[in-house]
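# Examining the three-dimensional arrangement
Each chain, letter by letter, is given below.
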Amino acid sequence: MIQEFKKRLRDGETVFGPFMKTSDAAFVEIAGHAGFDFVILDMEHAPFTYSNLQNLVMAAELSGTLPIIRAQNSSDIFISKALDLGALGVQIPHITNADEAKACISAAKFHPEGQRGMDPFVRAASYSSIPAAKYFSQANEALIIIQLEGKEAIDNLEEILNVDGIDILFIGPYDLSQSMGVPGQVDHPIVVKHMESIVNRARERGIVVGTFTDTLESARMWRDAGIQYISHAVDVAIFTNACKDLLKQLHL
Ligand code: 3PY
Ligand code: MG
């Protein structure tokens, strides 16, 4: 699953997936059955517990969508725990410089690429059914997605782009807008200008870029600008909009 996902990105395809905030695995299954390429299980902002999160990862696997966990923050333990549960990608928010990015990679990968805490008995290792050496090498294939979402990260973009091991550089438009002094205005020219510059500079180096969009116009605009990993919408907002549309129709 992970190899095929990486190949699609290498081939220049655009992949789509929502952020998930509901604790019920049914929503993840629905997203998978609908055909989303990935889901981002959001430990930064959603009320999941870890045992709950494990069920969401299983639901993603069952329905054929790539399970990605957004860690609470860049602490080693949150990164390795996400991968221990079986996430095939870990997305780490609020990275501001190259040292932080390198520390994330080290926390996410086993020797020789990093120093991730070793445990061959976790769910990702099929609870020890996979021979440990095989597990440790295949686990290093998980996607590392680094989120840039503030002025400081933009100031340090060059050094961040030089870090080896980043699979996707993800721009968080909401936090970026706040850092630019226009909170929530993700379409503000100053936000768009900085995003375009990150996209162009990353793509010049062959680095895949991702972002979050919540309108079809912005999803299409960023896809056409070369963003390949588009986290589009949020489960709760998709349901909110469906309820509102339905009620509008019922009241006609
Ligand atoms: C942001 O926009 O700040 C994110 O983290 C992704 O929605
Ligand atoms: Mg953010």
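Attention here is on the structure that accompanies the text. Keep in mind the model is a prediction, meaning the values are calculated, not measured.

## Remarks on the nonpolar core
Counting 58 residues, the largest nonpolar core has Leu 41, Ile 69, Ile 146 and Leu 169 as the members making the most contacts within it. Those residues in contact with Leu 41, other than ones at most four positions away along the chain, are Met 20, Val 28, Phe 48, Leu 53, Leu 56, Val 57, Ile 68, Ile 69 and Arg 70.

## Considerations on the sheet that holds strand β6 (residues 168-171)
Pairing in this closed barrel of eight strands is parallel, and the strands run β1-β2-β3-β4-β5-β6-β7-β8 around the ring. Along the sheet, successive strands turn relative to each other by an average axial angle of 25 degrees, direction set aside. Across the sheet, helix α4 (residues 76-84) lies against β3 (66-70) and β4 (89-92), angled at about 155 degrees from β4, the strand it touches most.

## Quick look at the site of ligand 1
For ligand 1, the full set of nearby residues is Arg 70, Gln 147, Glu 149, Phe 170, Gly 172, Pro 173, Tyr 174, Asp 175 and Phe 212. Between ligand 1 and Arg 70, the relevant distance is 2.8 Å, taken from an oxygen atom to a side-chain nitrogen or oxygen of the residue. Separating an oxygen atom of ligand 1 from a backbone N or O atom of Pro 173 is a distance of 3.1 Å. Alone, ligand 1 offers 230 Å² of accessible surface; in the complex the protein occludes 92% of this. Looking at the shell around ligand 1 element by element, the count peaks at three residues for helix α9 (residues 173-179). Along the lines of polarity and charge, the residues of the shell around ligand 1 split into four nonpolar, two polar and three charged.

## A short note on the pairing of strand β5 (residues 143-148)
A regular strand places its side chains on the two faces of the sheet in alternate fashion. Burial runs high along β5: six of the six residues are buried. Taking every second residue as pointing to the same face, both faces of β5 are buried, with Leu 143, Ile 145 and Gln 147 on one and Ile 144, Ile 146 and Leu 148 on the other. Where β4 meets β5, four bridges bridge the pair, whose relative direction is parallel. Considered in β5, the bridge of Ile 92 is made with Ile 146. With four bridges joining them, β5 and β6 adopt parallel strand pairing. By the bridge assignment for β6, Gln 147 is matched with Phe 170.

Definitions and limits used
- Residues numbered from 1 in each chain as written.
- Chains lettered and ligands numbered in written order.
- Predicted model: local features only at pLDDT ≥ 70, side-chain atom pairs only at ≥ 80, totals over all residues.
- Heavy atoms only, no water.
- Core = buried A, V, L, I, M, F, W, Y, C linked by side-chain atoms within 4.5 Å.
- Buried < 20%, exposed > 50% of the residue type's maximum accessible area, 1.4 Å probe, protein only.
- Contact = heavy atoms within 4.5 Å.
- Pairing = 2+ DSSP bridges.
- Helix = DSSP H or I, 4+ residues; strand = E, 2+ residues; numbered from the N terminus.
- Axes fitted to C-alpha atoms, helices over the stretch in contact; angles between N-to-C directions.
- Near = heavy atom within 4 Å.
- Polar contact = N/O pair within 3.5 Å; in protein donor to acceptor, adjacent residues only side chain to side chain.
- Areas by Shrake-Rupley, 256 points an atom, 1.4 Å probe, with all protein chains shown as cover.
- Nonpolar A, V, L, I, M, F, W, Y, C, P; charged D, E, K, R; others polar.

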